[in-house]
Amino acid sequence: MAKLYASWVPGYSFVPQAMGPATLDTRNQPFVDVNGLREGFGAHYYLKEGQANWFHVAIPTPVIVEDRRATLGRVMVLFAVTEQFAALEAVDVWDGPNRILHREGLSVDGNHSTGLDAVNTWNVNHDGIAWGVGISMAFSAPGGGEIYFASAGGDFFHNI
């Protein structure tokens, strides 16, 4: 019988890949890309005009339960792109060093931080998770923009 396990992390768990120079967010708060603006309800990052960056988050992964490896059903990220000139461009899902999902050419903007929808949920359906799940998201900001992460998670199945 398949058992479902869901694991989630708060949005302040996201980290940027490239760590740029000091900048100001849309509220005139100084920070650098390495920190963003982390609060109890999530994290805000600001990309300057013409900037792009990947953001990564690890999902707690029940790799083995009762001698069975997990199947990753789907991943979800609650996020918002608050400026009209910034967008989510690509999503990768990783099992340790192995990429198990790649989506590109997405061009998603707007607020997707309050619930699951068609553009913040990705079906993976990968059996035999071995190392641990990570989600990577690429954002571009031709005109500058703020990205907010509220939470991220994954649905795992074990056939036990």
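Residues numbered from 1 in each chain as written. Predicted model: local features only at pLDDT ≥ 70, side-chain atom pairs only at ≥ 80, totals over all residues. Heavy atoms only, no water.

## Quick look at the overall build of the protein chain
Part 1 of the argument: Within the protein chain, the secondary structure is distributed over zero helices and 16 strands.
Part 2 of the argument: Across the 160 residues that make up the protein chain, the buried fraction comes to 48%.
Part 3 of the argument: Here the analysis covers contacts within the protein chain between residues at least 6 apart in sequence; of these, 77% occur between residues at least 24 apart.
Part 4 of the argument: As displayed, the protein chain offers around 7,700 Å² of accessible surface, 52% of which is attributable to carbon and sulfur atoms. (Helix = DSSP H or I, 4+ residues; strand = E, 2+ residues; numbered from the N terminus. Buried < 20%, exposed > 50% of the residue type's maximum accessible area, 1.4 Å probe, protein only. Contact = heavy atoms within 4.5 Å. Areas by Shrake-Rupley, 256 points an atom, 1.4 Å probe, with all protein chains shown as cover.)

## Things to note about the pairing of strand β15 (residues 133-141)
Part 1 of the argument: When you tally the buried positions in β15, you get nine out of nine residues, the bulk of the element.
Part 2 of the argument: Neither face of β15 is exposed, since Val133, Ile135, Met137, Phe139 and Ala141 on one face and Gly134, Ser136, Ala138 and Ser140 on the opposite face are all buried.
Part 3 of the argument: Both strand β7 (residues 51-59) and β15 contribute to a ladder of nine bridges, which runs antiparallel. In the sheet register, Asn53 faces β15, and the bridge partner there is Phe139. (Pairing = 2+ DSSP bridges.)

## Remarks on the packing of aromatic side chains
Part 1 of the argument: For the coordinates displayed, the defined rule picks out eight aromatic pairs.
Part 2 of the argument: Relative to Phe149, the ring of Phe139 has its centre 5.8 Å away and its plane inclined at 80 degrees; by these criteria the two rings are edge-to-face. Remark: Phe149 occurs in strand β16 (residues 145-159) and Phe139 occurs in strand β15; sequence separation between them is ten residues. Assigned by exposure class, Phe139 and Phe149 land together as buried.
Part 3 of the argument: An aromatic cluster of at least three residues, connected via ring pairs, comprises Phe14, Tyr45, Phe55, Phe79, Phe139 and Phe149. (Phe/Tyr/Trp six-rings, centres within 6.5 Å; stacked < 30°, edge-to-face > 60°.)

## A few points about the nonpolar core
Part 1 of the argument: Phe79, Met137, Phe139 and Phe149 are the most contacted members of the largest nonpolar core, which totals 34 residues.
Part 2 of the argument: Among the secondary structure elements, those contributing two or more residues to this core are β6 (42-47), β7, β10 (71-81), β11 (87-95), β12 (98-108), β14 (121-127), β15 and β16.
Part 3 of the argument: The contact partners of Phe139, leaving out residues within four places of it in the chain, are Leu47, Ala52, Asn53, Phe55, Phe79, Val81, Ala87, Leu88, Glu89, Ile147 and Phe149. (Core = buried A, V, L, I, M, F, W, Y, C linked by side-chain atoms within 4.5 Å.)

## A closer look at unusual backbone geometry
Negative phi values dominate among residues other than glycine, just as trans dominates among peptide bonds.
Part 1 of the argument: Phi angles above zero are rare outside glycine, and Glu66 is one such case at about 50 degrees.
Part 2 of the argument: In this fold, Glu66 is placed in the loop between β8 (64-65) and β9 (68-69).
Part 3 of the argument: One non-glycine residue, Asn125, lies in the positive phi region at around 50 degrees.
Part 4 of the argument: With respect to the helices and strands, Asn125 occurs in strand β14.

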